2 protein chains.
Amino acid sequence: MSGESFQEDALLAHIHATVPGAAHVLVGPGDDMALIRFGGGELLAAKDLLVEGRHFLPSASMAQIGRKAVTRNISDVAAMAARPVAILAACVLPRSITQAQAQELVDAISQTAAHFGAPLIGGDTCVHVGNGPLTISVTVLAQPLDGVKPILRGGAQAGDQLFVTGALGGSLAKDGGGHHFTFMPRLAESHALAKLLGTNLHAMMDLSDGLARDGARFAQASALQAVIIAEQLPSTTACVKAHTQANAWQGALGDGEDYELLFAVAAGVQMPATIGPNNTPITRIGWLQALPTSAAQALICFHNQHVVDVSQLGLWHNA
Amino acid sequence: MSGESFQEDALLAHIHATVPGAAHVLVGPGDDMALIRFGGGELLAAKDLLVEGRHFLPSASMAQIGRKAVTRNISDVAAMAARPVAILAACVLPRSITQAQAQELVDAISQTAAHFGAPLIGGDTCVHVGNGPLTISVTVLAQPLDGVKPILRGGAQAGDQLFVTGALGGSLAKDGGGHHFTFMPRLAESHALAKLLGTNLHAMMDLSDGLARDGARFAQASALQAVIIAEQLPSTTACVKAHTQANAWQGALGDGEDYELLFAVAAGVQMPATIGPNNTPITRIGWLQALPTSAAQALICFHNQHVVDVSQLGLWHNA
């Protein structure tokens, strides 16, 4: 993830420390979406990048790339339990692109966006002057569900139960294909959770960089420690195939690109086995607790009743 | 602007022809900003790209690049006579970037955004896996001024007077520097024009690709023909220096990166010589008229009382 002398995490810390606040900004950089006061209500916005080599291989089809550029933004909307209303897309195209490929790309963007009720309303395109990878940035705009406050990352409490939707791992196949091109953002599940749980749904995020890394960020946002039980992690068939049954928990923690929801539920709340119109499984994978010391790791994982170090697991560490 | 077999204009035409509408989308792709119904009011959004080699040279400083990434979006807000409220920024960084350079870039983005009342609220960053140019996409969100409907491109009428703010040409110095890094978006001028003219301000856009190209788009948006009088074009000192006094009009039409406003005012309305808190000059440069035939050029230019072909002038034709 880094050049010779550059650390992305240090840049993000710099941004969080230096970006000035404003009266109308309720949530700035650092959550799945920003939240601002707008007109008489609230507006959510997020912006992601999709870059060849980083988020897909050159072998991917334009239809796959365009779909993913939108669905990973819709996944951010799901993480806030909000409703998408529009997207904008900017594409920097390689010099070798054909008219048919460019049209396939924007058609996939436009059609995927329309499917989620968030029509493509604007953007920009240009062609690289020299060599350069296909680069797409999608911005998604959203609004709160009626009667539902957006669910932030930082609202968790010590004692909360930790859940995930669906199953984890194996999203990126060795050939560059896999579930990361076909996943359905957990929008319906998110809305159903928010309505079912009300104020007992304390915090939520979507998993893109792997549970080991994202789970640590999730706990940090509430200044807590996440405890994960490896044996409870739900893993996909592709994950088991790639890692073996015995090691599938490592894939669930580290493979990344899951686009499942990680969420914190108040202690003691009984949860159903599935959620939403498609009966999507939800699984309790651990809990949140107070940090034992200020220097403690934000995420610890038990495997065979022993704490194992999973801090080196995670998509971007493999890059 | 194009690869071997790719035409950007054809892609834009494809987008305009195929993107589905939606009840809440009042203005979709094709204007300076999109306009949607949101909450009880209206929301404007635009998204631009800034790519090394295309919009700046590698010699540019991170402070220059970050400033320009924001100001060209604020110029889009000016073109709608709207008020900026927030920005999001996505940056794909070259592998050679240093921590200090990355911080200088985001500081310039954040500080410029805050200056215009549009704080940086979110975004994304990543580093190229291989070689690739510094690429920035900024999204700007805006809302209508109190009591002022956003000014679209397509509201002009035959007989309207055509004006520009400031002076044109010479924005890109031969060494890659120049006014395109230092221009002040015409936000205050735009608001003053909207308040002064009310419904007599029929249409407006900002000039980025040069008056020859953008003026044709402007006329097309209202299915009219723009008539430009070369001798009336205001040109910058840098433009005169680059093109000579006799040929400065060609620079004013073709150099691009002006970020001045082009606007259509109802026939017969008397205009002041300057507008806004900084007494920015405004100049009548021609008028709009009905297309003599459906195949006629959208923009014609008179020089020495003769029509001259300026269709080959324009920033991107030089690329």
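Nothing here was measured: the structure is a model prediction, and the numbers come from that model.

Quick word on the overall build of chain A
Next up, step 1: The number of helices and strands found in chain A is seven helices and 14 strands.
Next up, step 2: The C-alpha atoms of chain A give 19 Å as radius of gyration, which agrees with the globular expectation for 319 residues (20 Å, within 12%).
Next up, step 3: In terms of its C-alpha atoms, chain A occupies a principal-axis envelope of roughly 55 × 50 × 45 Å.
Next up, step 4: Counting all 319 residues of chain A, 55% fall into the buried class.
Next up, step 5: Restricting to contacts in chain A with at least 6 residues of sequence separation, those with at least 24 account for 80%.

Side note on the interface of chain B and chain A
Next up, step 1: The interface is formed by 72 residues belonging to chain B together with 72 residues belonging to chain A.
Next up, step 2: Within the side of chain B that touches chain A, the residues separate by chemical class into 37 nonpolar, 28 polar and seven charged.

Quick word on the sheet that holds strand E5 (residues 120-127) of chain A
Paired through backbone hydrogen bonds, the strands of a sheet run either parallel or antiparallel to each other.
Residues and elements named next belong to chain A.
Next up, step 1: The six strands lie next to each other as E1-E2-E3-E6-E4-E5, forming an open sheet whose pairing is mixed. Looking at the sheet topology across the chains shown, the edges are occupied by strand E1 (25-27) and E5. Strand after strand, the sheet turns through a mean of 25 degrees between neighbouring axes, direction not considered.
Next up, step 2: With eight bridges joining them, strand E3 (residues 41-51) and strand E6 (residues 135-144) adopt antiparallel strand pairing. Along E6, the bridge assignment pairs alanine 46 with valine 140.
Next up, step 3: Helix-sheet contacts for helix H2 (residues 62-79) involve E3, strand E4 (82-93) and E6, and the interaxial angle to E6 is about 35 degrees.

With respect to the sheet that holds strand E1 (residues 25-27) of chain B
Residues and elements named next belong to chain B.
Next up, step 1: Taken in spatial order, the six strands line up as E1-E2-E3-E6-E4-E5 in an open sheet, and their pairing is mixed. The open sheet has two edge strands, E1 and strand E5 (120-127), and neither has a second partner. If you compare each strand with its neighbour and ignore which way they point, the axes differ by 25 degrees on average.
Next up, step 2: Both strand E4 (residues 82-93) and E5 contribute to a ladder of seven bridges, which runs parallel. By the bridge assignment for E5, valine 92 is matched with cysteine 126.
Next up, step 3: Its contacts with the sheet place helix H2 (residues 62-79) against strand E3 (41-51), E4 and strand E6 (135-144), and it is angled at close to 35 degrees to E6.
Next up, step 4: Lying on the sheet, helix H3 (residues 99-115) is in contact with E4 and E5; it crosses E4 at an angle near 170 degrees.

Looking at the confidence of the model for chain A
Next up, step 1: When pLDDT is averaged along chain A, the result is 94, and 97% of the positions lie at 70 or above.
Next up, step 2: As scored by the predictor, the complex reaches a pTM of 0.94 and an ipTM of 0.93.

Thoughts on the packing of H2(A) against helix H3 (residues 99-115) of chain A
Packed helix pairs are specified by the crossing angle of their axes together with the interaxial distance, meaning the distance between the axes.
Residues and elements named next belong to chain A.
Next up, step 1: Contact geometry of H2 with H3 gives a least axis separation of 7 Å together with a crossing angle of 35 degrees. The interaxial crossing formed by H2 with H3 has right-handed handedness. Each of Met62, Ala63, Ile65, Gly66, Arg67, Ala69, Val70 and Thr71 in H2 lies in contact with H3, whose residues at this interface are Gln101, Glu104, Leu105, Val106, Ala108, Ile109, Thr112 and Ala113.
Next up, step 2: Each residue belonging to the contact of H2 with H3 can be placed in one class, and the counts come to 10 nonpolar, four polar and two charged.

Focus on the relation of the copies chain B and chain A
Next up, step 1: Screw-axis analysis of chain B against chain A gives a translation of 0.0 Å along the axis, an RMSD of 0.0 Å, and a rotation angle of 180 degrees. This pairing of chains is accounted for by a two-fold axis. Looking at the rotation axis and the C-alpha trace of chain B, the residue lying nearest is Gly132(B), at 2.4 Å.
Next up, step 2: A share of 100% of the interface residues of chain B reappears at the interface of chain A, consistent with the copies meeting face to face through the same patch.

A look at the domain arrangement of chain A
Residue and element names in this part refer to chain A.
Next up, step 1: The domain boundaries assigned to chain A delineate domain 1 (8-144) and domain 2 (153-318).
Next up, step 2: Here the C-alpha centroids of domain 1 and domain 2 sit 23 Å apart.
Next up, step 3: In terms of residue class, the side of domain 1 that touches domain 2 is built from nine nonpolar, four polar and six charged.

Section: the environment of Ile285(A)
Residues and elements named next belong to chain A.
Next up, step 1: On the secondary structure map, isoleucine 285 appears in strand E12 (residues 280-290).
Next up, step 2: In the structure, isoleucine 285 is positioned 51 residues away from proline 234 in sequence and 8.3 Å away in space, judged by C-alpha atoms.
Next up, step 3: In contact with isoleucine 285, not counting residues within four places along its chain, are Leu162, Phe163, Val164, Ile228, Ile229, Gln232 and Leu233.

Some remarks on the packing of H3(A) against helix H1 (residues 8-18) of chain B
Next up, step 1: At a closest axis distance of 10 Å, the pairing of H3(A) and H1(B) adopts a crossing angle of 30 degrees. Read as a crossing pair, H3(A) and H1(B) show a hand that is right-handed. Together, Gln99(A), Ala102(A), Gln103(A), Val106(A), Asp107(A) and Ser110(A) of H3(A) and Ala10(B), Leu11(B), His14(B), Ile15(B) and Thr18(B) of H1(B) make up the contact between the two elements.
Next up, step 2: For the contact of H3(A) with H1(B), the residue count by class is five nonpolar, five polar and one charged.

Describing the pairing of strand E7 (residues 161-165) of chain B
All names here are of chain B.
Next up, step 1: The buried fraction of E7 amounts to four of the five residues, a majority that puts the element mostly inside the structure.
Next up, step 2: Taken together, the four bridges between E7 and strand E10 (residues 261-265) define a ladder with antiparallel strand orientation. Paired with glutamine 161 across the two strands is valine 265, which belongs to E10.
Next up, step 3: One ladder, built from five bridges, connects E7 with strand E12 (residues 280-290); its direction is antiparallel. Within the sheet, the bridge partner assigned to valine 164 lies in E12 and is threonine 283.

Some words on the pairing of E3(B)
Residue and element names in this part refer to chain B.
Next up, step 1: For E3, the buried fraction is high: nine of the 11 residues fall into the buried class.
Next up, step 2: With five bridges connecting them, strand E2 (residues 34-38) and E3 associate as antiparallel partners. Residue alanine 34 lies in a different strand from E3, and its bridge partner there is alanine 45.

Thresholds applied
Residues numbered from 1 in each chain as written. Chains lettered and ligands numbered in written order. Predicted model: local features only at pLDDT ≥ 70, side-chain atom pairs only at ≥ 80, totals over all residues. Helix = DSSP H or I, 4+ residues; strand = E, 2+ residues; numbered from the N terminus. Rg over C-alpha atoms; globule rule 2.2 N^0.38 Å. Buried ≥ 20, exposed ≤ 12 C-beta atoms within 10 Å, placed from the backbone. Contact = placed C-beta atoms within 7 Å. Nonpolar A, V, L, I, M, F, W, Y, C, P; charged D, E, K, R; others polar. Pairing = 2+ DSSP bridges. Axes fitted to C-alpha atoms, helices over the stretch in contact; angles between N-to-C directions. pLDDT = per-residue confidence, 0-100. Left-handed = near helix turned anticlockwise from the far one by under 90°. Least-squares fit on C-alpha atoms with pLDDT ≥ 70 in both. Domains from an automatic or database assignment.

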